[in-house]
There are 2 protein chains.
Amino acid sequence: MKKIINNPENVVDEMLQGIVKAHPEHLKRLEGFDVLVRKNSPVKDKVALVSGGGSGHEPSHGGFVGEGMLDAAVAGEVFTSPTPDQVFEAIKAVDSGEGVLLIIKNYSGDVMNFEMAKDMAEMEGIKVETVVVNDDVAVEDSTYTTGRRGIAGTVLVHKIAGAAAEKGMDLENVKRVAEKVITNTRSMGMSLTPCTVPQAGKPSFELEEDEMEVGLGIHGEPGIYKRKIMNADEITELLLEKILEDIEVKEDEEVAVLVNGLGGTPIMELYIVNRDLHEILEEKNIKIYKTLVGNFMTSLEMAGFSLTVLKLDDELKELLDFKANTPALKMI
Amino acid sequence: MKKIINNPENVVDEMLQGIVKAHPEHLKRLEGFDVLVRKNSPVKDKVALVSGGGSGHEPSHGGFVGEGMLDAAVAGEVFTSPTPDQVFEAIKAVDSGEGVLLIIKNYSGDVMNFEMAKDMAEMEGIKVETVVVNDDVAVEDSTYTTGRRGIAGTVLVHKIAGAAAEKGMDLENVKRVAEKVITNTRSMGMSLTPCTVPQAGKPSFELEEDEMEVGLGIHGEPGIYKRKIMNADEITELLLEKILEDIEVKEDEEVAVLVNGLGGTPIMELYIVNRDLHEILEEKNIKIYKTLVGNFMTSLEMAGFSLTVLKLDDELKELLDFKANTPALKMI
């Protein structure tokens, strides 16, 4: 295992320290917890957004804490759900009295622990709602999940629900918007290499020198199949086809797309994929309103990418464009 | 070679297409050239900034084209200097009459070709000045360079000189500011893995499973030595020590730091390094005014990072904080 770390047991704690030291203008750490919250929490008169999950997906989710996106991000151990008490502390720290929306990626452990935290918070009189992101069309009922998994599309939920909250929508409406994004979002990924959890010390799966894995999850959960490596445009077409089988996008409808690197993919390759993606969508007369390219929801050092397509309407477009000022995503 | 590309011969062209499709609000391509320019070029009454170099360092330099940073970025083939005619076209496209500053990384080919382009532009009556960035303290007179090489510190030159131009400074002063940044900036890098140029098809060097390379260049040029892999804090201390041997930073002086990923390094690891870096500088009573962490000057899929330290004064602080709105760096 080649990693630039100190003690494998301390990677999450040291990473959180490093994030706070880099971005004090956006966020701070809840003393004694693996929770990052907006610097000025709780933000007065605003519905608060809390997300999180296992670490190893940076900049998700701490990199999206800030104006126009999340109020708190809870970090579990690498690829491990955060415990309910950590989520509970996050909720208490950010609630302004307007209530809290928990944005959960669909993994059984995350759902269970965030729901338990919701119960704990409600017993203290805090209004809490939850949404579960399940954008990955690759497989149903995988290793850690019932139903579809939640992957990079989660960042679009953060962005759009975060804008809704920042604009002053109430909890019911912020939840409604988040659910609209979830209903309209689909993703699928592929990888060229596995990744290694620091405490495990070796990769979770193996790929031959000429192989790729289609449809794997962000923790290296099995995908649909392994096959011989393809060209960028063939891969892009393959992933997009699966996405568009699952969600109908008609001619002249508008979408946002996210080309998400898994951590070890050169930015050059992400842009080549973006070129291929635009060409295919243009041929189908699907209009691309907004494009995001970069490392948003990673799997440590895994080489590969995921595509996300979000069907837009006027409300979503306005919220997508709304100002955000966070470490990992800024919209001016 | 595992890469998400189409034809290895076309990676630069297809990448540039992908960048333009992703960021039409910031930039466009000069028809027929491998040059990205600000959408509204030339920007009236403003000194224009042109940079560039070999491809493979994305988001450098195309990702920094936009408000408050570059007016044009010229892309050579992977790890290969752009030709003088391409640079010349960039100069002509962005000059508003106020003159053009070329920001060149110190590699013999880049310096020669940008200087030739300057001569060509001057023959057409365009005022052109150049600065050469040489922030890498690792080695003098390496494979492709006389003197120190230019690496990630270049991005800070783009940021600060870009702000100076945007604020209306004349060519002489934009150049003065750029040279001040260069004088005050030092960097050094290390890697865990090599990288593979698409057209070459195999890595430029090799490292054993327990080895790292200290001080290598961003094209995989040899560094100072190979050695057994160290902990993050030991590596950070090693690089920082070399940097501070080369540039004196006194107690209570202020610096900006850049923890730059080389393309294949998990963001988690960059933040762990940032934590170690801050601890060491705090012990020395050196004040960190601004921290940047991310992939700014990459070497394709290389795993590793570089540290950059920039000594600040009041003028540089104000320009560093000035608004920037580019694909890869935004300051709100």
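- Under an unreviewed UniProt entry, the name given to chain A is phosphoenolpyruvate--glycerone phosphotransferase, and the source organism is Anaerosalibacter bizertensis.
- Note on chain A: under the UniProt heading Pathway (unreviewed entry), the record states "Polyol metabolism; glycerol degradation."
- Recorded in UniProt under Subunit (unreviewed entry), the annotation for chain A is "Homodimer. The dihydroxyacetone kinase complex is composed of a homodimer of DhaM, a homodimer of DhaK and the subunit DhaL."

**Re the overall build of chain A**
Logical step 1: Scanning chain A from N- to C-terminus turns up eight helices and 14 strands.
Logical step 2: Relative to the compact-globule value of 20 Å for 332 residues, chain A shows a C-alpha radius of gyration of 19 Å, a close match.
Logical step 3: Projecting the C-alpha coordinates of chain A onto the three principal axes gives extents of approximately 55 × 50 × 35 Å.
Logical step 4: Classification of the 332 residues of chain A by burial places 65% in the buried group.
Logical step 5: On chain A, roughly 11300 Å² of surface is accessible, and the fraction owed to carbon and sulfur atoms is 45%.
Logical step 6: Computed over 35 positive and 58 negative side-chain charges, the separation of the two mean positions in chain A equals 4 Å.

**Let's talk about the relation of the copies chain B and chain A**
Mapping one chain copy onto the other needs a rotation about an axis and a shift along that axis.
Logical step 1: Of the transformation placing chain B onto chain A, the axial shift is 0.0 Å and the rotation is 180°, giving an RMSD of 0.0 Å. Considering both components of the superposition, the chain copies are consistent with a two-fold axis. Rotation axis and chain B: the residue whose C-alpha lies nearest the axis is B:Gly264, separated from it by 2.0 Å.
Logical step 2: In this assembly the copies share their binding face: 100% of the residues contributing to the interface of chain B also contribute to that of chain A.

**A short note on the pairing of strand 4 (residues 72-78) of chain B**
Residue and element names in this part refer to chain B.
Logical step 1: Along strand 4, six of the seven residues are buried, which leaves the element largely enclosed by surrounding structure.
Logical step 2: Bridge analysis of strand 2 (residues 35-38) against strand 4 gives three bridges, and the strand direction is antiparallel. Bridging from a neighbouring strand, Leu-36 pairs with Ala-73 of strand 4.
Logical step 3: Bridge count for strand 3 (residues 48-55) against strand 4 is five bridges, and the pairing is parallel. Counterpart to Ser-51 in the pairing with strand 4 is Ala-73.

**Quick word on empty space enclosed by the protein**
Logical step 1: Under the definition given, this model contains three cavities of 30 Å³ or more.
Logical step 2: Empty space within the largest cavity amounts to approximately 150 Å³.
Logical step 3: Where the lining of the largest cavity is concerned, the elements lending two or more residues are helix 1 (11-22), strand 3 (48-55) and strand 4 (72-78) of chain A.
Logical step 4: Looking at side-chain class alone, the lining of the largest cavity contains 10 nonpolar, nine polar and one charged residues.
Logical step 5: If you add up the space inside the second largest cavity, you get close to 50 Å³.
Logical step 6: Forming the walls of the second largest cavity are B:Ile151, B:Gly189, B:Met190, B:Leu216, B:Gly217, B:Ile218, B:Leu262, B:Met302 and B:Ser306.

**Considering the interface of chain B and chain A**
Logical step 1: With 61 residues of chain B at the contact, the number on the chain A side is 61 residues.
Logical step 2: When the buried surface of chain B facing chain A is broken down by residue, B:Lys2, B:Ile4 and B:Met268 rank first, second and third, together holding 19% of it.
Logical step 3: For the interface between chain B and chain A, the tally reads four salt bridges.
Logical step 4: Its salt-bridge partner being B:Arg275, residue A:Glu14 comes within 3.8 Å of it at the nearest N-O pair.
Logical step 5: At the boundary of chain B and chain A, one finds 24 residue pairs in polar contact (both at pLDDT 80 or more).

**Let's talk about the sheet that holds strand 10 (residues 254-261) of chain A**
All names here are of chain A.
Logical step 1: Strand order in this open sheet of six strands is 9-8-7-12-10-11, and the pairing throughout is mixed. A single partner strand is all that each edge strand has here, and the edge strands are strand 9 (225-228) and strand 11 (287-294). Each adjacent strand pair in this sheet contributes to an overall mean axis angle of 20°, direction not counted.
Logical step 2: Direction of pairing for strand 8 (residues 211-214) relative to strand 9: antiparallel, over a ladder of four bridges. For Met-212, the partnering residue across the bridge sits in strand 9 and is Arg-227.
Logical step 3: Sheet strands touched by helix 5 (residues 171-184): strand 7 (185-191) and strand 12 (304-311). Its angle to strand 7, the strand with the most contacts, is close to 50°.
Logical step 4: Its contacts with the sheet put helix 7 (residues 267-283) on strand 10, strand 11 and strand 12, and the angle it makes with strand 10 is roughly 155°.

**Section: the pairing of strand 7 of chain A**
All names here are of chain A.
Logical step 1: Burial of strand 7 is extensive: seven of the seven residues sit out of reach of the surface.
Logical step 2: What you see with strand 7 is no split at all: Thr-185, Ser-187, Gly-189 and Ser-191 on one side and Arg-186, Met-188 and Met-190 on the other are buried throughout.
Logical step 3: Bridging between strand 7 and strand 12 involves seven bridges; their strand directions are antiparallel. Residue pairing across strands places Ser-187 opposite Thr-308, the latter belonging to strand 12.

**Examining helix 5 (residues 171-184) of chain B**
Logical step 1: Helix length check: helix 5 of chain B, at 14 residues, gives a terminal C-alpha distance of 20 Å against a target of 20 Å (1.5 Å per residue), a fit within 8%.
Logical step 2: When helix 5 of chain B is considered as a whole, its buried residues turn out to be B:Leu171, B:Val174, B:Val177, B:Ala178, B:Val181, B:Ile182 and B:Asn184.

**Thoughts on the domain arrangement of chain A**
Residue and element names in this part refer to chain A.
Logical step 1: Domain boundaries assigned for chain A yield domain 1 (8-182) and domain 2 (186-329).
Logical step 2: On the side of domain 2, 45 residues touch domain 1, which itself brings 52 residues to the contact.
Logical step 3: Regarding the contact of domain 1 and domain 2, the summed buried area is about 4200 Å², with carbon and sulfur atoms giving 66% of it.
Logical step 4: Counting the contacts that link domain 1 with domain 2 gives six salt bridges.
Logical step 5: Lys-167 is paired through a salt bridge with Glu-318; the nearest N and O atoms lie 2.6 Å apart.
Logical step 6: At the junction of domain 1 and domain 2, the tally comes to 21 residue pairs in polar contact (both at pLDDT 80 or more).
Logical step 7: A per-element tally of the side of domain 1 that touches domain 2 places helix 4 (residues 154-166) first, with eight residues.
Logical step 8: Partitioning the side of domain 1 that touches domain 2 into residue classes produces 25 nonpolar, 13 polar and 14 charged.

**Here's the deal with the sheet that holds strand 3 of chain B**
Residue and element names in this part refer to chain B.
Logical step 1: If you trace the six strands from one edge of the open sheet to the other, you get 1-2-4-3-5-6, paired in mixed fashion. With partners counted over all chains shown, the strands left at the sheet margins are strand 1 (27-29) and strand 6 (128-133), one partner each. With direction set aside, neighbouring strand axes in the sheet form an average angle of 20°.
Logical step 2: Direction of pairing for strand 3 relative to strand 5 (residues 100-105): parallel, over a ladder of three bridges. Bridge pairing in strand 5 places Ala-48 opposite Val-100.

How each quantity is defined
- Residues numbered from 1 in each chain as written.
- Chains lettered and ligands numbered in written order.
- Predicted model: local features only at pLDDT ≥ 70, side-chain atom pairs only at ≥ 80, totals over all residues.
- Heavy atoms only, no water.
- UniProt positions renumbered as here; feature names shortened; annotations may be inferred.
- Helix = DSSP H or I, 4+ residues; strand = E, 2+ residues; numbered from the N terminus.
- Rg over C-alpha atoms; globule rule 2.2 N^0.38 Å.
- Buried < 20%, exposed > 50% of the residue type's maximum accessible area, 1.4 Å probe, protein only.
- Areas by Shrake-Rupley, 256 points an atom, 1.4 Å probe, with all protein chains shown as cover.
- Lys, Arg positive; Asp, Glu negative; His and termini not counted.
- Charge placed at Lys NZ, Arg CZ, Asp CG, Glu CD.
- Least-squares fit on C-alpha atoms with pLDDT ≥ 70 in both.
- Contact = heavy atoms within 4.5 Å.
- Pairing = 2+ DSSP bridges.
- 1 Å grid on protein atoms, 1.4 Å probe; cavity = no way out; pocket = protein on both sides within 12 Å on 5 of 7 lines; lining within 4 Å.
- Points joined across faces, edges and corners; volume = space filled by probe spheres on them.
- Nonpolar A, V, L, I, M, F, W, Y, C, P; charged D, E, K, R; others polar.
- Buried area = accessible area lost by both parts, 1.4 Å probe.
- Salt bridge = Lys/Arg side-chain N within 4 Å of Asp/Glu carboxyl O.
- Polar contact = N/O pair within 3.5 Å; in protein donor to acceptor, adjacent residues only side chain to side chain.
- Axes fitted to C-alpha atoms, helices over the stretch in contact; angles between N-to-C directions.
- Expected span 1.5 Å × (residues − 1).
- Domains from an automatic or database assignment.

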